[in-house]
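Overview (structure and organization)
Take a look at the letters that make up each chain.
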Amino acid sequence: RRPPAPRHHDGMDEGRPMSAPYYADDRVTLYHGRCEDVLPSLPDGMADLVLTDPPYNCVNRSSGGLRNLDKGAADSELVSIPDVARELDRLATGSIYVWCGDVQLSDWLTTFKGLGLSVRGCTWHKTNPSPMNGDKVWLSAAEYCAFARKPKAYFSLSCQHNVWTHKTDQEIDWHPTPQPIGLMRQLVRASCPPGGVVLDAFAGSGSTLRAAVDEGRRAVGIEMNEAYCERIADRLAQGVLDFGEGA
């Protein structure tokens, strides 16, 4: 299925040269390209929330067959943490969530702190981790997220801890590292005001964009892989999904 004809909307790209979106509707704009090329063309303060999952560049390796450890280009692209962090800081008015590997967490937090943001290391506790090598080492049941916020950033919760418990997404089989839409919806509700804008600079499987739409927010995404853009467009063309508050 070919994506809908691209069009701009809501003035989120006014006053700056922009490439035509790959997909756009009343809620979402998706750009096909590298974030390093697209982010500078977006206007300052265009997003209430940044929620994104860059390639970790640390997962790909040979597999014995129990599970696929070669995530391909989805996990091998090199990302300049200082450069991307500065752009995300420029674009966000509220909070920033960046999923990352354990070896990158400190770099992201240190960089955001150097930009004057308040920071916190967060953890996603996976309730259904892979049993690979479970008879030799602790199961890999944690994924890490660098959280940074600006003064007066929107936050709808109170006294909630920074460990989020959720199962992994096993329904998306066309992307090697999809984030669970239920967890993305939880973070959108927590840190983006109703009707606000969510930015995902590494759209991947489109879970963040889909979560934003399902929660009544607008979204802007960037994805360099055109095949993923097509799949994301298909996801976004579906009706609003209801996973419930406890998803």
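Residues numbered from 1 in each chain as written. Predicted model: local features only at pLDDT ≥ 70, side-chain atom pairs only at ≥ 80, totals over all residues. Heavy atoms only, no water.

A look at the packing of helix α5 (residues 181–191) against helix α6 (residues 207–214)
Packing of α5 against α6 brings their axes to within 8 Å, and their N-to-C directions diverge by 55°. Comparing their axes, α6 and α5 come out oblique. In terms of crossing hand, the pair formed by α5 and α6 is right-handed. Together, Ile181, Met184, Arg185 and Val188 of α5 and Ser207, Thr208, Arg210, Ala211, Ala212 and Asp214 of α6 make up the contact between the two elements. (Axes fitted to C-alpha atoms, helices over the stretch in contact; angles between N-to-C directions. Helix = DSSP H or I, 4+ residues; strand = E, 2+ residues; numbered from the N terminus. Parallel < 35°, antiparallel > 145°, perpendicular 65-115°, else oblique. Left-handed = near helix turned anticlockwise from the far one by under 90°. Contact = heavy atoms within 4.5 Å.)

Focus on the side chain of Ser191
Positionally, Ser191 belongs in helix α5. For Ser191, a relative accessible area of 1% translates into the label buried. A polar side-chain atom of Ser191 sits 2.6 Å from a polar atom in the side chain of Tyr97. Contacts of Ser191, omitting those with residues within four sequence positions, involve Asp48, Leu49, Ser95, Tyr97, Phe147, Tyr154 and Phe155. (Buried < 20%, exposed > 50% of the residue type's maximum accessible area, 1.4 Å probe, protein only. Polar contact = N/O pair within 3.5 Å; in protein donor to acceptor, adjacent residues only side chain to side chain.)

Looking at the layout of surface pockets
In this structure, the second largest pocket spans a volume of roughly 480 Å³. Phe155, Gln160, His161, Asn162 and Trp164 are the residues nearest the centre of the second largest pocket, which is lined by 20 residues in total. Listing elements by their share of the lining of the second largest pocket, those giving two or more residues are β5 (118–126), β6 (142–149), β7 (163–166) and α5. Tallied by class, residues from the lining of the second largest pocket come to ten nonpolar, seven polar and three charged. (1 Å grid on protein atoms, 1.4 Å probe; cavity = no way out; pocket = protein on both sides within 12 Å on 5 of 7 lines; lining within 4 Å. Points joined across faces, edges and corners; volume = space filled by probe spheres on them. Nonpolar A, V, L, I, M, F, W, Y, C, P; charged D, E, K, R; others polar.)

Here's the deal with the environment of Ser140
Following the sequence through the fold, Ser140 ends up in the loop between β5 and β6. Considering only alpha carbons, one finds Ser140 and Pro129, eleven residues apart in sequence, at a separation of 6.2 Å. For Ser140, the residues in contact, after removing those within four places along its chain, are Lys126 and Pro129.

Some points on the pairing of strand β4 (residues 92–100)
Consecutive side chains of a regular strand alternate in pointing toward one face of the sheet and then the other. The buried fraction of β4 amounts to eight of the nine residues, a majority that puts the element mostly inside the structure. Sheet topology places strand β3 (residues 47–52) next to β4; five bridges connect them, and they run parallel. Across the sheet, the residue bridging to Val50 is Ile96, located in β4. (Pairing = 2+ DSSP bridges.)

Re the packing of aromatic side chains
In total, this model carries five aromatic pairs according to the counting rule given. With centroids separated by 6.1 Å and ring planes inclined at 50°, the aromatic side chains of Tyr97 and Trp164 adopt a geometry described as tilted. Highlighted residues: Tyr97 in strand β4 and Trp164 in strand β7, separated in sequence by 67 residues. Residue classification places Tyr97 among the buried residues on the basis of a relative accessible area of 3%. A relative accessible area of 8% places Trp164 in the buried class. Taken together, a centroid distance of 6.0 Å and an interplanar angle of 75° make the contact between Trp99 and Trp124 edge-to-face. Of this pair, Trp99 sits in strand β4 while Trp124 is found in strand β5, placing the two residues 25 residues apart along the sequence. Summarising the burial analysis for this pair, Trp99 and Trp124 share the class buried. Cluster of aromatic residues (ring-pair linked, three or more members): Tyr97, Trp99, Trp124, Phe147 and Trp164. Positioned over the ring face of Trp124 is Lys126, at 5.0 Å from the centre of the ring. (Phe/Tyr/Trp six-rings, centres within 6.5 Å; stacked < 30°, edge-to-face > 60°. Lys NZ or Arg CZ within 6 Å of the ring centre and 35° of its normal.)

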